[in-house]
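Geometric and topological summary
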Amino acid sequence: MKAIAVYEGDGRPSVVDVPKPDPPAGEALVRTLRVGVDGTDHEVLNGGHGGFPEGEEFLVLGHEAVGVVEDPNGTDLERGDVVVPTVRRPPNGMNEYFERGEPDMAPAGEYHERGIDGAHGFMAEYFTSPEEYLVPIPDELASVGFLVEPISISEKAIEHAYASRSAFEWNPESALVLGNGSLGLLTLAMLGLEYGYDADHLYCLGRRDRPDPTIDVIEELGATYVDSRETPVDEIPEVHEPMDFVYEATGYPKHVFETVHALAPNGVAALLGVPSDWEFEVDGGAFHSELVLHNKALVGSVNSHVKHFEAATESLASMPQWLLDSLVSGIYGLDEFERAFDDDDTTIKTAIQFSTYEERR
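Description of the structure in this document.

About the cut-offs
Residues numbered from 1 in each chain as written. Predicted model: local features only at pLDDT ≥ 70, side-chain atom pairs only at ≥ 80, totals over all residues. Heavy atoms only, no water. Phe/Tyr/Trp six-rings, centres within 6.5 Å; stacked < 30°, edge-to-face > 60°. Helix = DSSP H or I, 4+ residues; strand = E, 2+ residues; numbered from the N terminus. Buried < 20%, exposed > 50% of the residue type's maximum accessible area, 1.4 Å probe, protein only. Lys NZ or Arg CZ within 6 Å of the ring centre and 35° of its normal. Pairing = 2+ DSSP bridges. Axes fitted to C-alpha atoms, helices over the stretch in contact; angles between N-to-C directions. Contact = heavy atoms within 4.5 Å. Expected span 1.5 Å × (residues − 1). Right-handed = clockwise from strand over helix to strand, strands pointing away. Parallel < 35°, antiparallel > 145°, perpendicular 65-115°, else oblique. Left-handed = near helix turned anticlockwise from the far one by under 90°. Nonpolar A, V, L, I, M, F, W, Y, C, P; charged D, E, K, R; others polar. Polar contact = N/O pair within 3.5 Å; in protein donor to acceptor, adjacent residues only side chain to side chain.

**Considering the packing of aromatic side chains**
- A full pass over the atoms with the stated rule returns 10 aromatic pairs.
- Residues Tyr162 and Phe245 carry aromatic rings whose centres are separated by 5.9 Å and whose planes lie at 75 degrees to one another, so their mutual orientation is edge-to-face. Taken together, the positions of Tyr162 in helix 3 (residues 148–163) and Phe245 in strand 15 (residues 243–248) put the pair 83 residues apart, joining distant regions of the chain.
- When its relative accessible area of 22% is taken as the criterion, Tyr162 is described as partly exposed.
- For Phe245, a relative accessible area of 0% corresponds to the buried category.
- Pairing Tyr252 with Trp278 gives two aromatic rings, centres 5.5 Å apart and planes at 45 degrees, and the pair type is tilted. One end of the pair, Tyr252, is in the loop between strand 15 and helix 7 (253–262); the other, Trp278, is in the loop between strand 16 (263–271) and helix 8 (284–293), with 26 residues separating them in the sequence.
- Among the residues examined, Trp278 registers a relative accessible area of 41% and is labelled partly exposed.
- Taken together through their ring pairs, the aromatic side chains of Tyr252, Phe257, Trp278, Phe280 and Phe287 make up a single cluster.
- Between Lys20 and the ring centre of Tyr126, over which it is positioned, the NZ or CZ distance is 4.2 Å.
- Positioned above the aromatic ring of Tyr111 is the side chain of Arg88, whose terminal nitrogen or guanidinium carbon lies 3.5 Å from the ring centre.

**Some points on the sheet that holds strand 14 (residues 224–227)**
- Here we have six strands laid out as an open sheet, ordered 14-13-12-15-16-17, and parallel in their pairing. A strand with exactly one partner marks an edge of an open sheet, and here the two such strands are strand 14 and strand 17 (297–300). Each neighbouring strand pair of the sheet contributes to a mean axis angle of 20 degrees, computed without reference to strand direction.
- Bridge count between strand 16 and strand 17: four bridges; the pairing is parallel. Among the inter-strand pairings, Ala269 is bridged to a residue of strand 17, identified as Leu298.
- Against the sheet, helix 3 touches strand 15, strand 16 and strand 17, its axis set at about 145 degrees to strand 15.

**Some words on the environment of Val302**
- Its location among the elements puts Val302 in the loop between strand 17 and helix 9 (306–318).
- Through-space distance from the C-alpha of Val302 to that of Ala157 is 7.5 Å; in sequence the pair is 145 residues apart.
- With sequence-adjacent residues up to four places away left out, Val302 is seen in contact with Arg88, Asp104 and Lys156.

**Side note on helix 4 (residues 182–193)**
- With 12 residues, helix 4 should cover 16 Å at 1.5 Å per step; its first-to-last C-alpha distance of 16 Å lies within 8% of that length.
- Within helix 4, the full set of buried residues consists of Ser182, Gly184, Leu185, Leu186, Thr187, Leu188, Ala189, Met190 and Leu191.

**Focus: the pairing of strand 15**
- When you tally the buried positions in strand 15, you get six out of six residues, the bulk of the element.
- Of the pairings in the sheet, the one linking strand 12 (residues 175–178) to strand 15 comprises four bridges and is parallel in character. Counterpart to Ala175 in the pairing with strand 15 is Phe245.
- Pairing of strand 15 with strand 16, which is carried by five bridges, proceeds in the parallel orientation. Residue Tyr247 lies in a different strand from strand 16, and its bridge partner there is Ala270.
- Between strand 15 and its parallel partner strand 16, the chain crosses via helix 7, and the hand of that crossover is right-handed.

**Some points on the packing of helix 3 against helix 9**
- Where helix 3 contacts helix 9, the axes come no closer than 8 Å and their chain directions differ by 110 degrees. In terms of orientation, helix 3 lies roughly perpendicular with respect to helix 9. The hand of the helix 3/helix 9 crossing is right-handed. For the pair helix 3 and helix 9, the contacting residues are Val148, Glu149, Ile151, Ser152, Glu155, Lys156 and Glu159 in the first and Lys307, His308, Phe309, Ala311, Ala312, Thr313, Ser315 and Leu316 in the second.
- Of the residues contributing to the contact of helix 3 with helix 9, the split by class is six nonpolar, four polar and five charged.

**Here's the deal with the side chain of Thr75**
- With respect to the secondary-structure elements, Thr75 resides in the loop between strand 5 (64–71) and strand 6 (82–85).
- Judged by its relative accessible area of 11%, Thr75 is buried.
- Polar side-chain contacts of Thr75 include one of 2.8 Å to the backbone oxygen of Pro72.
- One polar contact links the side chain of Thr75 to the main-chain amide nitrogen of Leu77, over a distance of 3.3 Å.
- For Thr75, the residues in contact, after removing those within four places along its chain, are Gly26, Glu27, Ala28 and Glu131.

**Topic: the sheet that holds strand 2 (residues 13–17)**
- Strand order across the open sheet formed by three strands is 2-1-4, with antiparallel pairing between neighbours. Here the strands that pair on one side only, and so sit at the sheet edges, are strand 2 and strand 4 (58–60). With direction set aside, neighbouring strand axes in the sheet form an average angle of 50 degrees.
- Pairing geometry for strand 1 (residues 2–7) and strand 2, over five bridges, is antiparallel. Bridge assignment links Ala5 to a residue of strand 2, and that residue is Ser14.

Shown next, in the form of structure tokens:
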């Protein structure tokens, strides 16, 4: 079968021929429909993140997948079920994090991530997976099911950020999303649709000039676009308003330190961006004081698990069609898969299509 992989030291995706998987007992065979491409894929290609499976010269890419069960193989799934796979797997047998259903909380070395670190991904015509790592979704979401995984990342991050405020009465009204990529835009929509933020108090920060498709989405959602070249993060309270909640998805290290000054008293920020090494000067005393004297919090979050995928499925189902149409800027077949890895100002979210969905009769 065909798969899309990166060879060690190459830095470019390529089509490879690999054996069609034969599912072991307890694993279902899934026919891949679509696999999304995101920033992590680009980091893997550039060698800045992840690692190859032991003894392998290439890594099959892809961690944002949706597929159809081809062979249930003794699981409780049914042929034709539309499913989305979670990403993390136990590295060498089970460990305590997987045993208690919290692989997303495992530290480095206690997991593999399919398509990212230590295990082949889902950019192939077929893949297999244990049933407990496959999340069924409604058939009508088959075409956009690859968005469940990125939305699940935000479900977990928001859950953990809100949990940090659960010790007192907290009624957030303003929110700022740092980053106007697909993940930031999906999260901005979630905050308005699910969490009840009034659009007049929703903001999204980026570094784009008009006309721009991401700015169009932000404003269609009723939110305010903030150009970081004109208004740095720590000046946002003066120009707009202090933020009860900040969602950081840029991986720009300075934003973390600026965010604490953008927060309102009792505010919280969820940090998701993974930065490269960069040393710079900060006022550590002011940073520390803001956290302590105003009861502010910063919460780091990575990965997600089944309950977050299930919540993400509901979130995806609630999103308006115009938003999904605007976000998905390209679906490409194997004959033009390279286009899915384009990274320019016209690209928001792309996916590679391996097969088409046929409704069950």
